[in-house]
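# Structural overview for review
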Amino acid sequence: MFVDRLLPTLVHLRHATTNDVLACWFGVDRSTVTRAVNEARPLLAERGCTISPGVRLRTLAEVVDHLGASGKTGIIDGTEIRGRRPAAGRKDRDKFISGKTKQNVVKTMVVTDGAGQLLFCSPTRPGSCADITHTHPSGLVKVLADGPAVEVLADAGYQGLGAQTGGRVITPPHHKFKRTLPIGTRIRGDARTAAQSPLLTPYPGRTRHRPPEELAFLDPSPRPPRAHE
């Protein structure tokens, strides 16, 4: 019936679903779906139901040019897809183990716009590959550095990429660990450490032995008696 042919045609036009998927959904053969779409689509076009012309982005360079021309903000991130463990005896078997999830995964880099619309998906790589390392085989660094001025947001896994792309990639600030401790810093919460806190030096790696007169006012806790005493 016409309604049976119209429904898969509308799904195909709206979601760009392949005929194989539509055949599985409706429980028919692929040739039946192909024939139904080819018959119903001209009838819809006569009544103004057509697909609006859009932008087709085939390469990463076209994605960057599209972001620069539209003035949109891009977002890059790495996503992991869990897979089966490689066969035993394979040399690169450990390369698929992710350091974050501790599972066998493959990783891919995804580029979207600020609204979350998918623009680019890179080929997969083993799960042990870091996010920032994944950008080099795809040529993202060169494309951003030589392309238009765009703003791309990324997480902490891409720190350092902004310096390589002329500031086009924006990542969270890197908080370095403090190598020194101010005088009087309380490391532990016990009373004995609180009494010793004025004696802490700002350079823990360069501590020196205190003379007895400096430690005279300390009242260390008594040592428990040993078994032979």
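Thresholds, definitions, all that
- Residues numbered from 1 in each chain as written.
- Predicted model: local features only at pLDDT ≥ 70, side-chain atom pairs only at ≥ 80, totals over all residues.
- Heavy atoms only, no water.
- Patch = residues over 30% accessible without salt bridge, like charges linked within 9 Å, V, L, I, M, F, W, Y side chains within 5 Å.
- Areas by Shrake-Rupley, 256 points an atom, 1.4 Å probe, with all protein chains shown as cover.
- Salt bridge = Lys/Arg side-chain N within 4 Å of Asp/Glu carboxyl O.
- Helix = DSSP H or I, 4+ residues; strand = E, 2+ residues; numbered from the N terminus.
- Buried < 20%, exposed > 50% of the residue type's maximum accessible area, 1.4 Å probe, protein only.
- Axes fitted to C-alpha atoms, helices over the stretch in contact; angles between N-to-C directions.
- Parallel < 35°, antiparallel > 145°, perpendicular 65-115°, else oblique.
- Contact = heavy atoms within 4.5 Å.
- Nonpolar A, V, L, I, M, F, W, Y, C, P; charged D, E, K, R; others polar.
- Core = buried A, V, L, I, M, F, W, Y, C linked by side-chain atoms within 4.5 Å.
- Arc of directions from axis to C-beta.
- 1 Å grid on protein atoms, 1.4 Å probe; cavity = no way out; pocket = protein on both sides within 12 Å on 5 of 7 lines; lining within 4 Å.
- Points joined across faces, edges and corners; volume = space filled by probe spheres on them.

### Overview of a nonpolar patch on the surface
Taken together, the side chains of Leu7, Val21, Trp25, Phe26 and Val28 define a hydrophobic patch exposed on the protein surface, amounting to about 460 Å² of accessible area. Counting residues per element, the nonpolar patch draws most heavily on helix H2 (residues 19-26), which supplies 3 residues. In this structure, Leu7 sits in helix H1 (residues 2-15).

### Quick look at the environment of Arg82
Among the secondary structure elements, Arg82 is positioned in strand S1 (residues 74-82). For Arg82, a relative accessible area of 66% corresponds to the exposed category. Arg82 sits 14 residues away from Phe96 along the chain, and the two C-alpha atoms are 9.5 Å apart.

### Considering the packing of H2 against helix H3 (residues 30-46)
One way to put it is that H2 packs onto H3 with a least axis distance of 8 Å and a crossing angle of 110 degrees. It follows that H2 is roughly perpendicular to H3 by the angle criterion. Between H2, through Asn19, Asp20, Leu22 and Ala23, and H3, the contact on the second element is made entirely by Arg30, Val33 and Thr34. Class assignment of the residues belonging to the contact of H2 with H3 gives a composition of 3 nonpolar, 2 polar and 2 charged.

### A word on the nonpolar core
Counting residues in each nonpolar core, the largest one holds 18 residues, and the members touching the most others are Val63, Ile76 and Leu144. When contributions to this core are tallied by element, the ones reaching two or more residues are helix H4 (60-70), strand S2 (105-113), strand S3 (118-121) and helix H6 (140-146). The element best represented in this core is H4, accounting for 4 residues. Once residues within four sequence positions are removed from consideration, Val63 is found in contact with Leu57, Val111, Leu119 and Phe120.

### Brief notes about H4
When we look at burial in H4, the residues that qualify are Leu60, Val63, Val64 and Leu67. Projection of H4 onto a plane perpendicular to its axis shows the buried side chains occupying an angular sector of 95 degrees, all on one side. Residues of H4 that are buried in the fold lie against S1, S2, S3, helix H5 (131-138) and H6. Among the residues trailing H4, Gly71 stands out with phi positive, at a value near 75 degrees.

### Comments concerning empty space enclosed by the protein
What the rule picks out here adds up to 1 cavity of 30 Å³ or more. There is about 50 Å³ of room inside the largest cavity. As for the largest cavity, its lining consists of Leu60, Val63, Val64, Leu67, Gly74, Ile75, Ile76, Val111, Leu140, Leu144 and Val152. Counting residues per element, the ones that place at least two in the lining of the largest cavity are H4, S1 and H6. For the lining of the largest cavity, the element with the most residues is H4, which contributes 4 residues.

### Thoughts on the pattern of salt bridges
The full count for this structure, using the stated rule, is 6 salt bridges. Residue Arg47 pairs with Glu46 through a salt bridge whose shortest N-O separation is 3.9 Å. Summarising the burial analysis for this pair, Arg47 and Glu46 share the class exposed. A salt bridge links Lys107 to Asp131; the nearest nitrogen and oxygen atoms lie 3.3 Å apart.

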